[in-house]
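Breakdown of the fold
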Amino acid sequence: MDKLIIKGPTKLKGEVAISASKNATLPILAATLLFPEKIEFKNLPGLSDIKFFMQILESLGAGIEDLKSVDCTSVNKTYADYDLVRKMRASILVLGPLLSRFGEAVVSLPGGCAIGSRPVDIHLTGMEALGAEIILEKGYVKAKADRLKGAKIDLDFPSVGATENLMMAAVWAEGETLISNAAREPEIEDLANFLKEFGCDIQGAGTSRITIKGRDFKSYKPAKEIKYSIIGDRIEAATYIIAGLMTDSHIKVTHFHPEHIKAVIDVLIKMGAKLETHDNAIEVFPSGKLNGTKIDTAPFPGFPTDVQAQLMALMGISNGLSFVRENIFENRFMHVPELVRMGMDIELEASAAIIEGQTNLSPAPVMCTDLRASAALILAALVTAGESEINRIYHLDRGYENLCGKLKDLGANIERVKA
Ligand code: EPZ
């Protein structure tokens, strides 16, 4: 397993181009199962999760060209194997499209993961509302329906994945589907924009009420040639903006929509950050030591849980006290013990963390536990005097394209070595 060696403290300089969003790409790749035609993509990110999801599509009979195109014309399987699904919980997103197009699907229940149990009950209740018969057997979801019927579905929680799965299931259902209390994340809007390329009539994506007018799959005519471009990864962008602030640098983070991380920008400015917003970029200016603050993670447009760990790293070197309450996942503080090993003063109480800003961190070998926690460790290492060793960086490869190269181009002293 590879590890990263980072020599700090470091200053960063220049521009970093953000890659396409992992969390927009995954549901869009699942949605290709709905359409019997070849679909090209302009900017799929080179992430292990994306390459893995394309293997899942291939296992269902799709033709794929690595990170370039998917052709689901010849998809002939509706069974997603445990061995595949257990490695990535987003695989559950094949359930909706398979059920909608083929009237059946057998998908392994995703295991939990480091940040929580992450059940799929909201997905399954919604599929039943659309008329599917759902049986849970031997760790698999077995779903069947002659043809799904449009329905009014009110989500117990604005689950991102459930909203996406149900939008896709509704595409070939008979009649109109209304999803209320829907998730409002930008990735939902990107999925809707992708589906509209194929003539889908979807209204309200990005709001909490989404309607989808179902169509008859038998009357589907292949769309014009589709070459789709995915939105920039707002979480990756937030990570680099925080890297610029922690290292007191002047950098420009480009190729994403700043309004997709308004809640993050608002918090950073409140802490004293000097930021300038451009059309598709945020420019970070040296801002000195920032002031601690308090955040609650929440569904969009609230503060994103996926930036919680990275912000905590910044809070760990800011003035005074900060407070973080994690309201989305039950176990998303795995980065805390590792940050404490690097000298940060963080105490945990149930779903809250109290951070006392520190001036000096100390280099230590640390371990990645989940994707965003890993990013927090990198950020801390960039400002720590000495050589830090970050282990188990396969977590990072899931969601940060060419992280080492991008940080090196910005001036960081970082090397990826075989452990
Ligand atoms: C998506 O996960 C993202 N993943 C996550 O990003 C992100 O943290 C999360 O949304 C919240 O924004 C992808 O888009 C691939 P949820 P998802 O369904 O869809 C509970 C990253 O780092 N819940 O909105 O799984 C669930 O347990 C990843 O890129 C149910 O109880 O998130 C969690 O506590 C991590 N029942 C909460 O809702 C359900 O049926 C939010 O889950 C579904 C969810």
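Here, every reference points to the structure presented above.
Residues numbered from 1 in each chain as written. Predicted model: local features only at pLDDT ≥ 70, side-chain atom pairs only at ≥ 80, totals over all residues. Heavy atoms only, no water.

So, on to unusual backbone geometry. Put simply, G8 and P9 share a cis peptide bond, and its omega is -5°. For P9, the location among the structural elements is in the loop between β1 (2-8) and β2 (13-17). A cis amide bond, omega 10°, links F300 with the succeeding residue P301. One non-glycine residue with positive phi stands out, namely L67, at about 55°. Mapped onto the fold, L67 is located in the loop between β4 (63-65) and β5 (69-71). Although it is not a glycine, N181 adopts a positive phi angle of roughly 60°. Structurally, the position occupied by N181 is in the loop between β11 (176-180) and α7 (186-196). (Helix = DSSP H or I, 4+ residues; strand = E, 2+ residues; numbered from the N terminus.)

Residue placement: N76 occurs in the loop between β5 and β6 (79-80). Residues contacting N76, with those up to four places away along its chain left out, are L60 and G61. (Contact = heavy atoms within 4.5 Å.)

This part covers helix α10 (residues 308-315). Burial runs high along α10: eight of the eight residues are buried. For α10, the full list of buried residues reads Q308, A309, Q310, L311, M312, A313, L314 and M315. (Buried < 20%, exposed > 50% of the residue type's maximum accessible area, 1.4 Å probe, protein only.)

As paired strands, strand β20 (residues 345-349) and strand β21 (residues 352-356) are joined by five bridges and run antiparallel to one another. The residue bridging D345 from the neighbouring strand is E356, located in β21. In this structure, the hairpin formed by β20 and β21 is closed by a connection of two residues, where A350 is found at a positive phi of approximately 55°. (Pairing = 2+ DSSP bridges.)

A complete count under the given rule lists 23 salt bridges for this structure. Measuring nitrogen to oxygen at the nearest pair gives 2.6 Å for the salt bridge that ties D266 to K262. Highlighted residues: D266 and K262, both in helix α9 (residues 262-270), separated by four residues, approximately one helical turn. D306 is the partner of R332 in a salt bridge, and the nearest nitrogen-oxygen pair spans 2.7 Å. Taken together, the positions of R332 in the loop between β19 (321-325) and α11 (335-341) and D306 in the loop between β18 (294-296) and α10 put the pair 26 residues apart, joining distant regions of the chain. (Salt bridge = Lys/Arg side-chain N within 4 Å of Asp/Glu carboxyl O.)

Neighbouring residues of the ligand: 22 residues in total, closest D121, I122, S159, D306 and I328. Within the backbone of I122, an N or O atom sits 2.7 Å from an oxygen atom of the ligand. At 2.6 Å, a side-chain N or O of D306 approaches an oxygen atom of the ligand. In isolation the ligand exposes 820 Å². Once the protein is present, 87% of that is buried. Partitioned by chemical class, the residues of the shell around the ligand number 10 nonpolar, five polar and seven charged. (Near = heavy atom within 4 Å. Polar contact = N/O pair within 3.5 Å; in protein donor to acceptor, adjacent residues only side chain to side chain. Areas by Shrake-Rupley, 256 points an atom, 1.4 Å probe, with all protein chains shown as cover. Nonpolar A, V, L, I, M, F, W, Y, C, P; charged D, E, K, R; others polar.)

What follows concerns the side chain of H123. Here H123 lies in helix α5 (residues 121-129). Sequence-distant contacts of H123, defined by excluding residues within four places in its chain, comprise I92, S159, G161, A162, N165 and L166.

Judged from the five bridges that link them, strand β16 (residues 274-278) and strand β17 (residues 281-285) form a sheet pairing that is antiparallel. Bridge pairing links H278 to A281 in β17. Linking β16 back to β17 in an antiparallel pair, the connection comprises two residues.

Take the environment of L136 next. By the secondary structure assignment, L136 is in strand β8 (residues 133-137). Expressed as a C-alpha distance, the spacing of L136 and L124, which sit 12 residues apart in the sequence, is 10.0 Å. Each residue touching L136, except ones within four places of it in the same chain, is listed here: L109, L124 and V141.

What follows covers the environment of K270. As for its placement among the helices and strands, K270 is situated in helix α9. In this structure the C-alpha to C-alpha distance between K270 and K3, which are 267 residues apart in sequence, comes to 35 Å. Other than its neighbours up to four places away in sequence, K270 contacts T293 and K294.

Below, the discussion takes up the sheet that holds strand β14 (residues 226-228). If you trace the four strands from one edge of the open sheet to the other, you get β4-β5-β3-β14, paired in mixed fashion. Both outer strands of the open sheet, β4 and β14, are each paired with one neighbouring strand and no more. Ignoring which end each strand starts from, the neighbouring axes of this sheet average 15° apart. Bridge analysis of strand β3 (residues 38-41) against β5 gives three bridges, and the strand direction is antiparallel. Considered in β5, the bridge of I39 is made with V70. (Axes fitted to C-alpha atoms, helices over the stretch in contact; angles between N-to-C directions.)

Looking now at helix α2 (residues 48-59). For α2, built from 12 residues, the straight-helix expectation of 16 Å at 1.5 Å per residue is met to within 8% by its first-to-last C-alpha distance of 16 Å. All buried positions along α2 are accounted for by D49, I50, F52, F53, M54, I56 and L57. Packed against the buried residues of α2 are α1 (22-31), β4, β5 and α3 (82-85). Remark: G61 follows α2 within two positions and exhibits a positive phi of approximately 110°. (Expected span 1.5 Å × (residues − 1).)

Right, let's talk about the nonpolar core for a bit. With 81 residues, the main nonpolar core has L29, F41, M167 and L195 as its most contacted residues. Ignoring anything within four residues of it in the chain, the contact list for M167 reads I179, I188, L191, A192, I202, I210 and I212. Grouped together as the second largest cluster of nonpolar side chains are 70 residues, M246, M315, A376 and V383 included. (Core = buried A, V, L, I, M, F, W, Y, C linked by side-chain atoms within 4.5 Å.)

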